[in-house]
Amino acid sequence: MSTKAAINKEIFAPHDERMLGAVQVKRRTKKKIPFLATGGQGEYLTYICLSVTNKKPSQASITKVKQFEGSTSFVRRSQWMLEQLRQVNGIDSNRDSPEFDLLFENAFDQWVASTASEKSTFFQILHHTCQRYLTDKKPEFINCQSKIMGGNSILHSAADSVTSAVQKASQALNERGERLGRAEEKTEDMKNSAQQFAETAHKLAMKHKC
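Residues numbered from 1 in each chain as written. Predicted model: local features only at pLDDT ≥ 70, side-chain atom pairs only at ≥ 80, totals over all residues. Heavy atoms only, no water.

Student: Please give an account of the overall build of the protein that cites residues and values.
Tutor: When you go through the protein residue by residue, the secondary structure sums to 3 helices and 8 strands. Secondary structure of the protein in N-to-C order comes out as α-β-β-β-β-β-β-β-α-β-α. For the protein, buried positions account for 29% of its 210 residues. A separation threshold of at least 6 residues defines the contact pool for the protein, and within that pool the share at least 24 residues apart is 54%. Counting only carbon and sulfur atoms, one obtains 53% of the accessible surface of the protein, whose full area is about 13,900 Å². (Helix = DSSP H or I, 4+ residues; strand = E, 2+ residues; numbered from the N terminus. Buried < 20%, exposed > 50% of the residue type's maximum accessible area, 1.4 Å probe, protein only. Contact = heavy atoms within 4.5 Å. Areas by Shrake-Rupley, 256 points an atom, 1.4 Å probe, with all protein chains shown as cover.)

Student: So, the sheet that holds strand β3 (residues 60-68): which residues are in play, and what are the values?
Tutor: Strand order in the open sheet formed by 8 strands is β4-β3-β2-β1-β7-β6-β5-β8, with mixed pairing between adjacent strands. Since the sheet does not close on itself, it has two edges, and those belong to β4 (75-81) and β8 (140-142), each with one partner. Adjacent strand axes in the sheet meet at a mean angle of 30 degrees, parallel and antiparallel pairs treated alike. Across 3 bridges, strand β1 (residues 17-27) lies against strand β7 (residues 108-113) in antiparallel orientation. Each bridged residue has a counterpart across the sheet, and for V25 the counterpart in β7 is A113. Sheet strands in contact with helix α1 (residues 3-12) are β1, β2 (44-53), β3 and β4, and its direction is about 120 degrees off that of β1. Of the strands in this sheet, β1, β2, β3, β5 (85-89), β6 (99-104), β7 and β8 touch helix α2 (residues 116-133), which is tilted by about 135 degrees from β1. (Pairing = 2+ DSSP bridges. Axes fitted to C-alpha atoms, helices over the stretch in contact; angles between N-to-C directions.)

Student: If you had to explain the side chain of T53 to someone new, which residues and values would you point to?
Tutor: As for its position among the elements, T53 is in strand β2. One polar contact links the side chain of T53 to the main-chain carbonyl oxygen of K55, over a distance of 3.3 Å. For T53, the side chain forms a polar contact with the main-chain nitrogen of Q59, separated by 2.9 Å. Here T53 is in contact with D16, E17, R18, S58 and Q59, once residues within four sequence places are set aside. (Polar contact = N/O pair within 3.5 Å; in protein donor to acceptor, adjacent residues only side chain to side chain.)

Structure representation (structure tokens):
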């Protein structure tokens, strides 16, 4: 079982939720946390998870989940409703970067994903989820690559495909029109030649009768 599947089974399924996506992260700026606050459990892995309730009306949330060193279980930490998310900062829109920021109503975190591609996948799922489940107060996505926004790149690709198809169809029609035009010209030439031949033959026939 994959790590994400295990998180979904252990953290979200018991609460009648399903996890839509997750990204493993580390803080860009470490917070000074007292030893007692972590329970003295040492190093840990952190995952930012996006989930939605199975019960209608569906409610989406973002949850911080930790797995402490030497443990196979996961621990639910902070959680925010998706409505509390105010801004998603991709840091750099010109290159693949694992860094990103999440701004909530009452919290602000600076993260580094395990890989840029994992961040990109999570951002695409997050953007789609915001569009689907939020009607008001949708978060602002800034400094994000167009491919991360999903819809824009898909629409542009579709538009390019349609434009290409129209251009090809138009070119084919033009070529067909040119071929038809040339055929009509040849037919007219043949008609004129036949008519001239008939007139010449008629004149010769009249001449021999005389």
